[in-house]
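# Coordinate inspection notes
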Amino acid sequence: MEALAEGLWGLADYHEKKGEIGKAVKCLEAICQSHASFLPIVEVKTRLRIATLLLRHSHNVNHAKSHLERSQLLLNSIPSCFELKCRTYTLLSQCYHLVGAIPPQKQILYKAFNLTSAAAPDVSVKLWCCNFNSQLANALIIEGDYHNSISTLELGYVSATQICYPELQMFFVASILHVRLLMQWDDQTAVEVERALHRCDQVWETIPSDRRAHCLGLLFYSELLHIFYRLRISDYKNAVKHVDKLDAAVKQDSHNMFQLHQFTLELNALNQSLSRSDLPSRERSALSARKARIQGQLTHITTTNTTTTSFASAGNDSLEPTYFGNTRRALQDKLLLAAPPINGEWLPKSAVYALVDLMVIIFGRPKGNFKECDKRIQSGIHIIEEELVRLGITDGVREVDLQHSAIWMAGVYLMLLMQFLENKVAVELTRSEFLEAQEALVQMKNWFTRFPTILQACESIIEMLRGQYAHSVGCYNEAAFHYVEAAKITESKSMQIMCQAYAAVSYFCIGDAESSSQALDLIGPVYRMKDSFVGVREEASILFAYGLLLMKQQDLQEARNRLAKGLQIAHVQMGNLQLVSQYLTILGNLALALHDTVQAREILRSSLTLAKKLGDIPTQIWVLSVLTGLFQQLGERGNEMENDDYRRKKFDDLQKRLADAHSSIHHIELIDKVKLEVQQFHELDMKRTMAGQSMRANLDIPESVGLQTPMPVPSSSRLVDLDTGKRGKKKL
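This is a predicted model, so every value here is computed, not measured. (Residues numbered from 1 in each chain as written. Predicted model: local features only at pLDDT ≥ 70, side-chain atom pairs only at ≥ 80, totals over all residues. Heavy atoms only, no water.)

## Describing the overall build of the protein
Secondary structure summary: the protein contains 31 helices and zero strands in total. The burial tally for the protein puts 60% of its 732 residues in the buried class. Expressed as a percentage of contacts within the protein between residues at least 6 apart in sequence, the contacts between residues at least 24 apart total 70%. (Helix = DSSP H or I, 4+ residues; strand = E, 2+ residues; numbered from the N terminus. Buried < 20%, exposed > 50% of the residue type's maximum accessible area, 1.4 Å probe, protein only. Contact = heavy atoms within 4.5 Å.)

Okay, structure coming up:
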């Protein structure tokens, strides 16, 4: 009977290599369904093979789970078979994870720990301990039990240390940093996060440099966590070096993969030619020599390429990634974090590539690098759209149509897509490309409507962007409404503060007494708590709005002091050119109001230069209006006429753009004082739980509104009408 089983296993291998997965599964199921009696060990191995095939090539997780549960029962009666039991436990744990059954997953992992604790503490046992600790930590994260998750990861770190495996140690300390970043941020946890960060740096340095080059997955994981930490504390200057490092790594890996593909094609062509029986000996010799050179180059690439060595020794028998669904990818398309039997990825390579593009955008957009941002947005969206199609997410597919096992990965790509679209909206609004901004914002609304649970965190971001669009096109009442709604929806203190600042600016733009009072009600309480802010984004925004409030109250000197402090933050710590330009415009206007014409001229020229670089037409018009007033005061008639002529050209250009935006079919839809409405799917309660929790657990990109640094363009003349009573000037 064993010979029969061997034959069916071989036939299954043959069909799998040909991509005929259904036939391979049928060959294996013939053993399980046979009336003949096979040894329990044969049936266990067969069911493990079936489960692995199903997990790698299908969404049939429940079928795989049934085979593994049967294998577990059979193994209970066998005293030995440590490796088979460990493989069964880890695959069954993955199945429970994929269907969202966390309590059974934890139960099976505790059984695995009992097994390893009773075994001799050799290297293999310690590796399995690392595997089970990583899976248990992930299950605890999904339940929100961050404290015990960290304790579990520390146990994994101890096991990795006992076998002197620095790459695995790095995997666990990076995971601990990840969990620390997820926990509620306060003074105490901030210290713990910083310690975890330094620990990552220390462990990374213990990996020999020749082996460190083969840890691309760990490099991306660690560096991205460093970036997220720097973003959290608004340390943009030190974050940039990590972004540049990752961008260079992506380019190098892409080049290696292209070379690998080209050499593989050439090698296949050579093999085809060498297979000819009538090939002349001289030509055969030349082709053989060429084949040897190509094979040597392939070997060099695969031994130096960081994604295909070091952790790849397990070959076809290696386990699929522990956390991330069941999509099987070629080895060169993976960014492995650890050695077998973990083989985990944080994210697929395509998602990491998109994430690096996103980081380049986030740091490039405030500096006005829009050409590069456009290229990265296009690249990132293209990557994501391809992956969504692979997951079966095409036109018309909604949340209710998703396989449960595909929800987490779909959530990763959908959240990334929303981040790219959000940045596109911001770029287009800055350049007054209102129709382009409308299109991107409508796309965000449509995606949210189709996937309201997975994209639940995006609801407040969409409301905030509706506010920014409405403000940019001069609909200040509607803008304030959407900002206030966004602040109500979000649980993020940072976003609440930012939206309150945005709403206050919109209320100031309305200009009547009631609106000014509403702005004061928003800004006053927030300003008093500004010292408790974690980062500088919130402080810069509040100082901007508070400076406008002081200007309204005619406290010009105090307004100047507050705005100067905000300018320093925007310039030195944030490097946000648009915010700097707007701060400079207000400060130039204040200098003019205080009759400091020399400083006013210098400040306003700097602001105009920045606004031109950004293509920020409303701010240009704003600056030019103030400059016209300055030239009038100084009696510089020539400069006044030249300046006002340029202002009129920009004003006419803006009015045309605004007219096009107002006449668009999407305009009313976006500014209307109505919250987003989505269809509720009651049967998706489990899916909602899994989607929301797993996204928070595994893709912790800080609230992107915290990165949404440009303020709404305060283009209303009312913002700069400081002392019309004194100067008798027409409102600017």
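## What about the pattern of salt bridges?
With the rule as written, the count across this model stands at 42 salt bridges. Residue Asp-235 pairs with Arg-230 through a salt bridge whose shortest N-O separation is 3.1 Å. Each of the two residues, Asp-235 as well as Arg-230, counts as buried. (Salt bridge = Lys/Arg side-chain N within 4 Å of Asp/Glu carboxyl O.)

## Details of the packing of helix α23 (residues 537-552) against helix α24 (residues 556-574)
Two measures define how a pair of helices packs: the angle their axes make with one another and the distance between the axes. At their nearest, the axes of α23 and α24 sit 8 Å apart, and the two run at 155 degrees to each other. By the criterion of interaxial angle, the relationship of α23 to α24 is roughly antiparallel. Of the two possible hands of crossing, α23 and α24 adopt the one that is left-handed. Two secondary-structure elements touch here, α23 through Arg-537, Glu-539, Ala-540, Leu-543, Phe-544, Tyr-546, Gly-547, Leu-550 and Met-551 and α24 through Leu-556, Glu-558, Ala-559, Arg-562, Leu-563, Lys-565, Gly-566, Ile-569 and Met-574. (Axes fitted to C-alpha atoms, helices over the stretch in contact; angles between N-to-C directions. Parallel < 35°, antiparallel > 145°, perpendicular 65-115°, else oblique. Left-handed = near helix turned anticlockwise from the far one by under 90°.)

## Considering the nonpolar core
Grouped together as the largest cluster of nonpolar side chains are 185 residues, with contacts concentrated most on Leu-168, Met-359, Trp-447 and Leu-455. No other element matches helix α17 (residues 407-430), which puts 16 residues into this core. Judged by nonpolar contacts, the second largest core, of 45 residues, contains Leu-54, Ile-78, Leu-115 and Leu-140. (Core = buried A, V, L, I, M, F, W, Y, C linked by side-chain atoms within 4.5 Å.)

## Some words on the side chain of Thr-628
Summarising the element assignment, Thr-628 is placed in helix α27 (residues 617-634). In contact with Thr-628, other than residues within four places in its own chain, are Glu-640, Asn-643 and Asp-644.

## Comments concerning the state of the cysteines
Tallying each qualifying case throughout the model produces zero disulfides. With no disulfide of its own, Cys-86 has Cys-129 as its nearest cysteine by sulfur position, at a separation of 8.2 Å. No disulfide involves Cys-129; its sulfur sits 7.0 Å from that of Cys-130, the nearest cysteine. Relative accessible area serves as the criterion here: at 12%, Cys-129 is assigned to the buried category. (Disulfide = S-S within 2.5 Å.)

## So, the packing of helix α3 (residues 40-57) against helix α5 (residues 82-98)
Where α3 meets α5, the axes come as close as 11 Å, and the angle between the chain directions of the two elements is 35 degrees. The chirality of how α3 crosses α5 is left-handed. Residues Ile-41, Val-44, Lys-45, Leu-48, Thr-52 and Leu-55 of α3 form the contact with α5, whose participating residues are Leu-84, Arg-87, Thr-88, Leu-91, Cys-95 and Leu-98.

## Notes on helix α25 (residues 577-593)
The terminal C-alpha atoms of α25 lie 24 Å apart, and with 17 residues this matches the ideal 24 Å at 1.5 Å per residue to within 8%. By the criterion of burial, α25 is predominantly enclosed, with 17 of the 17 residues buried. If you check the start of α25, you find a side-chain oxygen 3.1 Å away from the backbone N of Gln-578, and it comes from Asn-576. Of the residues flanking the end of α25, it is His-595, one or two places downstream, whose phi is positive at about 65 degrees. (Expected span 1.5 Å × (residues − 1). Polar contact = N/O pair within 3.5 Å; in protein donor to acceptor, adjacent residues only side chain to side chain.)

## Points about the environment of Phe-228
The residue Phe-228 is located in helix α12 (residues 216-232) in this model. Taking relative accessible area as the criterion, Phe-228 reaches 2% and is therefore assigned buried. Residues Phe-228 and His-178 lie 50 residues apart in sequence; the distance between their C-alpha atoms is 9.5 Å.

## Thoughts on the side chain of His-67
Among the structural elements, His-67 can be located in helix α4 (residues 61-76). Using a relative accessible area of 7% as the deciding quantity, one classes His-67 as buried. In terms of polar contacts, His-67 uses its side chain to reach the side chain of Arg-47, at 2.9 Å.

## Quick notes on unusual backbone geometry
You will see that Ser-432, though not glycine, has its phi angle at about 60 degrees, which is positive. Within the secondary structure layout, Ser-432 lies in the loop between α17 and α18 (434-450). The class of Ser-432 is buried, set by a relative accessible area of 1%. We note that Gln-554 has phi near 65 degrees; this positive angle belongs to a residue other than glycine. In this structure, Gln-554 sits in the loop between α23 and α24. For Gln-554, a relative accessible area of 41% translates into the label partly exposed.

## Details of the confidence of the model for the protein
Here the protein shows a mean pLDDT of 83. Residues at 70 or above account for 86%. Per-element averaging of pLDDT across the protein places helix α31 (residues 724-727) at the bottom with 31 and α18 at the top with 96. Taken together, the stretch residues 306-329 has pLDDT below 50 and engages in 87 contacts with residues farther than four places along the chain or on a different chain. When the criterion is pLDDT under 50, residues 682-732 qualifies, and its contacts beyond four places in sequence or with other chains add up to 145 contacts. (pLDDT = per-residue confidence, 0-100.)

## A look at the packing of aromatic side chains
Any two aromatic rings considered together are summarised by their centre-to-centre distance and by the angle between their planes. In total, this model carries eight aromatic pairs according to the counting rule given. When the centroid spacing of 5.2 Å and the interplanar angle of 50 degrees are considered together, the rings of Tyr-483 and Tyr-502 count as tilted. You can see Tyr-483 sitting in helix α20 (residues 476-489) and its partner Tyr-502 sitting in helix α21 (residues 493-510), a full 19 residues away along the chain. Neither Tyr-483 nor Tyr-502 differs from the other in exposure class; each is buried. A network of ring pairs unites the aromatic residues Phe-113, Trp-128 and Phe-132 as a single cluster. (Phe/Tyr/Trp six-rings, centres within 6.5 Å; stacked < 30°, edge-to-face > 60°.)

## Observations concerning the environment of Tyr-89
The topology assignment puts Tyr-89 in helix α5. Sequence separation between Tyr-89 and Ile-108 is 19 residues, and the spatial gap between their C-alpha atoms is 6.3 Å. Those residues in contact with Tyr-89 that lie beyond four places of it in its chain are Gln-72, Ile-108, Lys-111, Ala-112, Leu-115 and Phe-132.

## Some words on the environment of His-571
With respect to the helices and strands, His-571 occurs in helix α24. Of the residues examined, His-571 reaches a relative accessible area of 53% and is grouped as exposed.

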